[in-house]
Amino acid sequence: MINPNTLQIGNRISYQGYVATVTALATHFVHFCIDGEDHDSVRKYEDIDPIPITEERLRDAGFVEYPTGRFRLDHFVIDDRDHIYLGSTPMVRKGAWHDLQNLVRLISGKII
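Residues numbered from 1 in each chain as written. Predicted model: local features only at pLDDT ≥ 70, side-chain atom pairs only at ≥ 80, totals over all residues. Heavy atoms only, no water.

1. Observations concerning the packing of aromatic side chains
- In total, this model carries 1 aromatic pair according to the counting rule given.
- Taking the centre distance of 5.2 Å and the plane angle of 50° together, the rings of Tyr 15 and Phe 32 count as tilted. Taken together, the residues span a long stretch of sequence, with Tyr 15 in strand E1 (residues 12-15) and Phe 32 in strand E3 (residues 29-34) at a distance of 17 residues. Each member of the pair, Tyr 15 as well as Phe 32, carries the same accessibility label: buried.
- Sitting over the ring of Trp 97, Arg 57 keeps its end group 5.6 Å from the ring centre. (Phe/Tyr/Trp six-rings, centres within 6.5 Å; stacked < 30°, edge-to-face > 60°. Helix = DSSP H or I, 4+ residues; strand = E, 2+ residues; numbered from the N terminus. Buried < 20%, exposed > 50% of the residue type's maximum accessible area, 1.4 Å probe, protein only. Lys NZ or Arg CZ within 6 Å of the ring centre and 35° of its normal.)

Structure (structure tokens):
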């Protein structure tokens, strides 16, 4: 389950193993569109799951991988430790993809 307070429209989530994009948020329900479908689904927040941050997902979002194993997008740095960094300052604990999306959008305005 995802804490509803951490979701924003455009976040990527998982529903029954399918990747989906949040299209609207309500008090008890989340609206989303599963990739490849042309209609919204509506479910309770407890029915959706976070997507983990993976190397493949980072590459697909435009992060550059360095030989040290770090990934970088502008000033955002992710390594094998537990934090997402802005430059050398740890910002948040590395968690779900939607948390990274929110941080990048908040600070840089980019949508990943």
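2. Considering helix H2 (residues 97-108)
- With 12 residues, H2 ought to run about 16 Å at 1.5 Å a step, and its terminal C-alpha atoms sit 16 Å apart, in line with that.
- Along H2, the positions that sit buried rather than exposed are Trp 97, His 98, Leu 100, Gln 101, Asn 102, Leu 103 and Val 104.
- Structurally, H2 contributes buried residues whose contacts are with E1, helix H1 (55-60), strand E7 (76-78), strand E8 (83-86) and strand E9 (89-93).
- Positioned one or two residues after H2, Gly 109 has a phi angle of 85°, which is positive. (Expected span 1.5 Å × (residues − 1). Contact = heavy atoms within 4.5 Å.)

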